[in-house]
Amino acid sequence: MKALRYHGARDVRVETVPDPQLADARDMIVKVTACAICGSDLHLYDGLIPTLQKGDVLGHEFMGEVLEVGREVRDVQKGDRVVVPFNIGCGDCFFCKRQLWSLCDRSNPNAALATKQFGAAPAGLFGYSHMFGGYPGGQAEYVRVPFADINHFKVETDLSDEQVLFIGDIFATGFMAVDVCDVQEGDVVAVWGCGPVGLFALKSAHMLGAKRVIAIDRFPERLELARTKCDATPIDYEKSDVIEVLKELTSGRGPDICIDAVGMEAHGHGLEFWYDRVKQAVGLQADRPTALRQAVMACRKGGTVSVPGVYGGPIDHFPFGAAFNKGLTLKMGQTHTHRYAPALLQRIAAGEIDPSFIITHRLHLEEAPKGYDIFQHKKEGCIKVVLRP
Ligand SMILES: [Zn+2]
Ligand SMILES: [Zn+2]
């Protein structure tokens, strides 16, 4: 089959690799009909993720048709149309049973590598280095999906791939970022970063009852999308004093909920070199700890700061005293995709939202290397690239 493989920093290639095989009686093989490039794929692309190896197949946002199932698979069969979550759950461990799917204890065969980094290992992920399980990803014609009964969301409506694909990753991530904040009537929600996850967080804030949503970024096309498609008040942080403007918009108190989605697209994949990356970024471009610090400083007393963005290591000068003395609640973590996706699919089917509004580029899988380049450099106003095998 054809698949996108990592060869080194900024060197990915579509090549022919062996077709995946069932390796366990609970596996299935999915024939991919659509996949996407995620913001977090860019960290892999940049060569910043340790334990990623030359030849690894990337991609963790994908959907398709079930081609084959193992003997013990009960809930899905050949021919079913499914979206696959980016993180792999087993359905039966301490964490999965508590709906903490991104923390599954059984789906990461290389848990020891991640435990060294974090004290305990998160779930295995598709196409995201060996520290996260070493599973071949979905930017490919076919993918092997473990624990098939658990890791699929059936799509039985006539919605298009583009409308449903993102429930397995970025839409669920943006939604959870708001959901964990327990929005109250009249709340103002501010979101730093208007990449795919930020845009879905803005949309979700409306769905969950926010009175007003505010979008903070510097790219005009992203702020425009936030304004026109997400009914958000835009703030260009290069042109205004964000904290001052937020105060003006909230009777001097600050937003009730502040969301750091500057990770552009958000699920906290581990980044051993995050700290270095930040240091590199200082003075060159929007730097990530600046957004998190600003969110903490801007948040109203007793408010909630939610972090769907990517963090992997220690951070400098985190204003913990401000968080403590203002009595803030901090929420963070990788998305519990399985908890959210079915309900999001229902919202899409009901016409409440059409997630395809973020797609700016549609390419063939063969053009994936070009897609990475366009997305990496935000060329042509790129917000989201969808690939078709
Ligand atoms: Zn992702
Ligand atoms: Zn589990």
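A brief structural summary. Throughout, a residue's number is its position along its own chain's written sequence, starting from 1. The naming scheme follows written order: chains are lettered A onward, ligands numbered 1 onward. Only residues with pLDDT of 70 or above have their local features reported here, since the model is predicted, and side-chain atom pairs are shown and tallied only from 80 upward, although totals for entire chains, interfaces and linings are computed over all residues. As a convention, hydrogens and water are excluded, and side-chain values are obtained from all of the structure's heavy atoms.

**Quick look at the overall build of the chain**
Part 1 of the argument: Per the secondary structure count, the chain includes 13 helices and 17 strands.
Part 2 of the argument: Over its C-alpha atoms the chain spans a radius of gyration of 20 Å, differing by no more than 12% from the 21 Å that the globule rule assigns to 389 residues.
Part 3 of the argument: Only protein chains enter the area calculation, which uses a 1.4 Å probe; residues under 20% of their type maximum are buried, those over 50% are exposed, and those in between are partly exposed. Taking all 389 residues of the chain together, the buried fraction comes to 58%.
Part 4 of the argument: Put simply, 74% of the contacts in the chain that link residues at least 6 apart link residues at least 24 apart.
Part 5 of the argument: Working definition of accessibility: Shrake-Rupley area with a 1.4 Å probe, residue cover restricted to the visible protein chains. Within the structure as shown, the chain displays about 15,500 Å² of accessible surface, and the carbon and sulfur contribution to it stands at 48%.
Part 6 of the argument: Under this rule, positive means Lys or Arg and negative means Asp or Glu; His and the chain ends count for nothing. A charged residue contributes its charge at one atom only: NZ of Lys, CZ of Arg, CG of Asp or CD of Glu. Measuring between centres, the 43 positive side-chain charges of the chain sit 2 Å from its 49 negative side-chain charges. Numbering of helices and strands runs from the N terminus; a helix is a DSSP stretch of H or I covering at least four residues, while a strand is a stretch of E covering at least two. Computation of the radius of gyration draws on C-alpha atoms alone. For the globule rule, the value is 2.2 Å times the number of residues to the power 0.38. In what follows, a contact means two residues having at least one pair of non-hydrogen atoms within 4.5 Å.

**Section: the packing of aromatic side chains**
Part 1 of the argument: Aromatic rings from Phe, Tyr and Trp, with only the six-membered ring used for Trp, were paired whenever their centres fell within 6.5 Å, and each pair was classed as stacked if the ring planes differed by under 30 degrees, edge-to-face if by over 60, and tilted otherwise. Scanning the model with the defined rule gives ten aromatic pairs in all.
Part 2 of the argument: On the basis of an interplanar angle of 75 degrees and a centroid distance of 6.0 Å, the ring pair of Tyr128 and Phe132 is categorised as edge-to-face.
Part 3 of the argument: Assessed through its relative accessible area of 0%, Tyr128 is described here as buried.
Part 4 of the argument: Between Phe200 and Phe357, the aromatic rings sit 5.8 Å apart at their centres with planes inclined by 80 degrees, giving edge-to-face as the arrangement. One end of the pair, Phe200, is in helix α6 (residues 196-207); the other, Phe357, is in the loop between α12 (337-349) and β16 (361-364), with 157 residues separating them in the sequence.
Part 5 of the argument: Since its relative accessible area comes to 0%, Phe200 is described here as buried.
Part 6 of the argument: Judged by relative accessible area, which is 16%, Phe357 ranks as buried.
Part 7 of the argument: The structure contains a cluster of three or more aromatic residues connected by ring pairs, namely Phe166, Phe171, Phe200 and Phe357.
Part 8 of the argument: In this scheme, the term charge over a ring applies when either NZ of a lysine or CZ of an arginine sits within 6 Å of the ring centre and within 35 degrees of the ring normal. Geometry around Phe94 places Arg98 over its ring, the cationic atom sitting 3.6 Å from the centre.

**Describing a nonpolar patch on the surface**
Part 1 of the argument: Only residues whose relative accessible area exceeds 30% and that form no salt bridge are eligible for patches; like-charged ones are grouped when within 9 Å, while nonpolar side chains (Val, Leu, Ile, Met, Phe, Trp, Tyr) are grouped when within 5 Å. A carboxyl oxygen of Asp or Glu within 4 Å of a side-chain nitrogen of Lys or Arg is what we treat as a salt bridge. Together, Phe320, Phe324, Leu330 and Met332 give the surface a local cluster of nonpolar side chains, amounting to about 480 Å² of exposed area.
Part 2 of the argument: Only α11 (320-325) and β15 (329-332) provide two or more residues apiece to the nonpolar patch.
Part 3 of the argument: Its location among the elements puts Phe324 in helix α11.
Part 4 of the argument: Exposure remark for Phe324: the relative accessible area of 62% places this residue in the exposed category.

**Some points on the side chain of Ser107**
Part 1 of the argument: Note that Ser107 resides in the loop between α2 (94-97) and α3 (111-118).
Part 2 of the argument: On the basis of relative accessibility, which here comes to 0%, the residue Ser107 falls in the buried class.
Part 3 of the argument: Within 3.5 Å is the distance limit for a polar contact, defined as a pair of N or O atoms, with the added protein rule that one can donate a hydrogen and the other accept it, and that residues adjacent in sequence qualify only through two side-chain atoms. Only 2.6 Å separates the side chain of Ser107 from the backbone oxygen of Ile88, close enough to count as a polar contact.
Part 4 of the argument: Those residues within four positions of Ser107 in sequence are excluded, and the remaining contacts are Ile88, Ala123, Gly124, Tyr135 and Phe147.

**Observations regarding the coordination of the zinc ion (ligand 2)**
Part 1 of the argument: For the zinc ion (ligand 2), the full set of protein donor atoms is Cys90 (SG), Cys93 (SG), Cys96 (SG) and Cys104 (SG), and the range of their distances to it is 2.3 to 2.4 Å.
Part 2 of the argument: Note that water is not among the atoms considered, so a metal site may appear incomplete; the donors listed are N, O and S atoms within 2.8 Å of the metal, with 3.2 Å applied to Na, K and Ca. For four-coordinate sites, all angles between 85 and 135 degrees define a tetrahedron; for four- and six-coordinate sites, opposite donors beyond 155 degrees with the remaining angles between 65 and 115 define square planar and octahedral shapes respectively, and all other cases count as irregular. Around the zinc ion (ligand 2) sit four donor atoms; with metal-centred angles ranging over 105 to 117 degrees, the donor geometry is tetrahedral.
Part 3 of the argument: One chain supplies every donor for the zinc ion (ligand 2), spaced along it as C-x2-C-x2-C-x7-C.

**Comments concerning the pattern of salt bridges**
Where charged atoms from two side chains of opposite charge approach closely, those side chains can pair.
Part 1 of the argument: Here the structure, examined in full by the defined rule, presents 19 salt bridges.
Part 2 of the argument: Taking the shortest distance from any N to any O, the salt bridge between Glu352 and Arg347 comes out at 2.6 Å.
Part 3 of the argument: Several salt bridges share partner residues, and in doing so they unite Arg81, Asp161 and Arg388 into one network.

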